[in-house]
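# Structural characterization, general
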Amino acid sequence: MKTTGMLKIAILIFSMTVLLSMSGCNEPTTVSGLYFDTLITITAYDNTNPQVLESCLNMCAEYELIFSKTNPASELYRINSRDDSINISKDSTVFTAVISNDLYELLDCSLQLSQETDNAFNPALGQVIDLWDYKSTSCIVPDSTSVMKALAHSNPDSIILNPDTHTLTITDPLLTIDLGGIAKGYVADRLKEMLIQNGTIEAVIRLAGNIYCIGDKYGQSYKVGIQKPFSTRGETLSSVNVSDTSVVTSGIYERYFEVNNTIYHHIIDSHTGYPSQSDLISVTIICDESVVADALSTAVLIMGKEKGIDYIDSLDNVSAVLVDSSQNVINVGF
Ligand code: ADP
Ligand code: MG
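The structure reproduced in this document is the subject of the present report. Owing to the predicted nature of the structure, the values given are computational and were not obtained by experimental measurement. (Residues numbered from 1 in each chain as written. Chains lettered and ligands numbered in written order. Predicted model: local features only at pLDDT ≥ 70, side-chain atom pairs only at ≥ 80, totals over all residues. Heavy atoms only, no water.)

As enumerated under the stated definition, the model contains nine salt bridges in all. Close ionic contact of D37 with K135 constitutes a salt bridge, the shortest N to O distance being 2.8 Å. Here the residue D37 occupies a position in the loop between strand 1 (29-35) and strand 2 (38-44), and K135 occupies one in the loop between helix 5 (126-131) and helix 6 (144-151), the gap between them amounting to 98 residues. Assigned by exposure class, D37 and K135 land together as exposed. Put simply, E254 and R233 hold a salt bridge, and the shortest N to O gap is 3.1 Å. Of the two residues, E254 is situated in the loop between strand 10 (245-251) and strand 11 (256-259) and R233 in the loop between strand 8 (222-227) and strand 9 (236-242); the sequence distance between them amounts to 21 residues. What makes R233 exposed here is its relative accessible area of 63%. Connected through salt bridges with shared partners, the residues K69, D130 and D178 form a single ionic network. (Salt bridge = Lys/Arg side-chain N within 4 Å of Asp/Glu carboxyl O. Helix = DSSP H or I, 4+ residues; strand = E, 2+ residues; numbered from the N terminus. Buried < 20%, exposed > 50% of the residue type's maximum accessible area, 1.4 Å probe, protein only.)

What follows is the structure, given as C-alpha cells:
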C-alpha cells in the first residue's frame with residue numbers, strides 16, 4: 001500500500017516535470033538585495049535576461065540615494081537637514097531647493113494623497129516619527145510634550161512644490177519629510193516599467209510588503225497570501241488571486257514594541273502623534289499603481305474599518321483586504 005502510494009507520487013512528479021518541460025516553462029530567475037532597510041526580491045518566470053534583473057537592484061540603490069531619510073548622502077537627507085549648499089531661498093525662515101524629477105513626482109503624489117485622505121497619510125510627519133524608536137531594545141514611549149511639539153511641525157501645507165521652477169519650498173524650519181510609507185510603492189512602479197520596457201511579461205517584484213505582479217505566473221494568476229498578524233511569516237489568513245497589479249500590505253505587526261500590554265507600532269495617526277488606535281491591524285490594497293497602494297494601505301489602517309471601507313468603495317479600480325482586531329478578514333471592492 002505504502003509502496004503504491006510512493007510510486008503514484010513518483011509518477012505524478014515525473015509527469016509534472018515532463019509537462020513543465022513540454023510547456024516550455026522556464027526556471028524562475030531571482031535577484032535580491034537589501035535596500036530601504038528591507039529585502040528586495042525580483043523573480044522572473046519568463047526568460048528575462050538576468051542582467052535586466054540586476055539593473056533593477058542598481059535602480060534601488062539609486063532611489064535610496066534620493067528617498068532615504070537616514071543616509072546623509074541622500075537628497076531627502078540634505079533637504080531635511082536644510083543643507084545650505086542647495087538652499088536658494090533669500091528668506092532665512094524658508095528653505096527652497098531645485099529637486100530631482102523623482103523626488104518632485106513622489107512629493108507631488110504624497111501631497112495629493114495626503115489631501116485625499118484627510119491627512120491620514122501625511123508626508124510631513126518626520127519629526128513625530130523620529131520620536132518613536134522601534135529598533136532600540138529600550139522601548140521608550142516618548143513623553144506627550146515632545147509628541148505635541150513635534151506634531152506642531154507636521155503640517156503638509158508647509159511643503160510647497162512649484163512646477164515652473166521645479167522647486168520644493170518648506171515654510172516651517174523644523175518640519176522634516178518622511179516618505180517611508182510611500183517610497184517603496186514608487187520604486188516598485190519604476191521597476192515594473194523598466195522590466196516591461198525590456199520585454200518582461202511574467203515577474204514579481206517584492207519590496208517587503210510591497211508586491212508588484214507583472215502578467216501571470218506561468219499563465220495562471222498569482223496567489224498572494226494575506227499574512228496572519230503576529231504569527232510566523234508565511235502563515236496566512238486568506239489570499240488574493242491577481243494578475244498585472246500591485247498588492248501592498250501595511251500591518252501594525254511589522255514594527256512595534258510593547259510596554260504594559262500596549263503595542264506601540266510604526267503607523268502614526270497624524271492627528272494625535274501616537275500609533276494609530278483604529279480597529280484594523282492590517283490593510284492590503286490592490287491597485288495598478290503601487291505608489292497609491294502603498295500610501296492607501298497606511299492611510300486606511302489609520303482610518304479604521306468603517307471610514308476605510310467607505311473610502312475604498314468611493315475609489316475606482318481599488319480593492320482591499322482588511323484584517324480587524326479580532327482577525328476577521330473583510331474583502332472590499334472585489
Ligand atoms: P512598511 O514600512 O512596514 O511597509 P507602511 O507602508 O505602512 O509600512 O509605512 C510605514 C512607514 O510610513 C513608517 O515607518 C513611517 O516611516 C511612515 N509613516 C508612519 N505613519 C505615517 C502616516 N500617517 N503617514 C505617512 N507616513 C507614515
Ligand atoms: Mg504604506
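The three strands lie next to each other as 3-5-4, forming an open sheet whose pairing is antiparallel. In this open sheet, the two edge strands, each paired with only one partner strand, are strand 3 (95-98) and strand 4 (159-162). Strand-to-strand twist of the sheet, defined as the mean angle between neighbouring strand axes without regard to direction, takes the value 20°. Of the strands in this sheet, strand 4 and strand 5 (167-170) are in contact with helix 4 (residues 101-116), which crosses strand 4 at around 125°. (Pairing = 2+ DSSP bridges. Axes fitted to C-alpha atoms, helices over the stretch in contact; angles between N-to-C directions. Contact = heavy atoms within 4.5 Å.)

Our next topic: the packing of aromatic side chains. The description of an aromatic ring pair uses the distance of the two centres, along with the angle that the planes make with each other. Tallying each qualifying case throughout the model produces twelve aromatic pairs. Taken together, the ring pairs connect W132, Y134, F257, Y264 and Y274 into an aromatic cluster. In this structure, R82 packs its charged tip against the face of F95, placed 5.7 Å from the ring centre. Here the guanidinium or amino end of R190 rests over the ring plane of Y186, the centre of that ring lying 4.5 Å away. (Phe/Tyr/Trp six-rings, centres within 6.5 Å; stacked < 30°, edge-to-face > 60°. Lys NZ or Arg CZ within 6 Å of the ring centre and 35° of its normal.)

So, on to the pairing of strand 15 (residues 329-332). Burial of the side chains of strand 15 is restricted to one face: I330 and V332 are buried, whereas none of V329 and N331 on the reverse face is. As paired elements, strand 14 (residues 319-324) and strand 15 share four bridges and run antiparallel to each other. Directly across from A320, in strand 15, lies its bridge partner V332. Counting the residues that bridge the hairpin from strand 14 to strand 15 gives four residues, and of these Q327 lies at a positive phi of roughly 65°.

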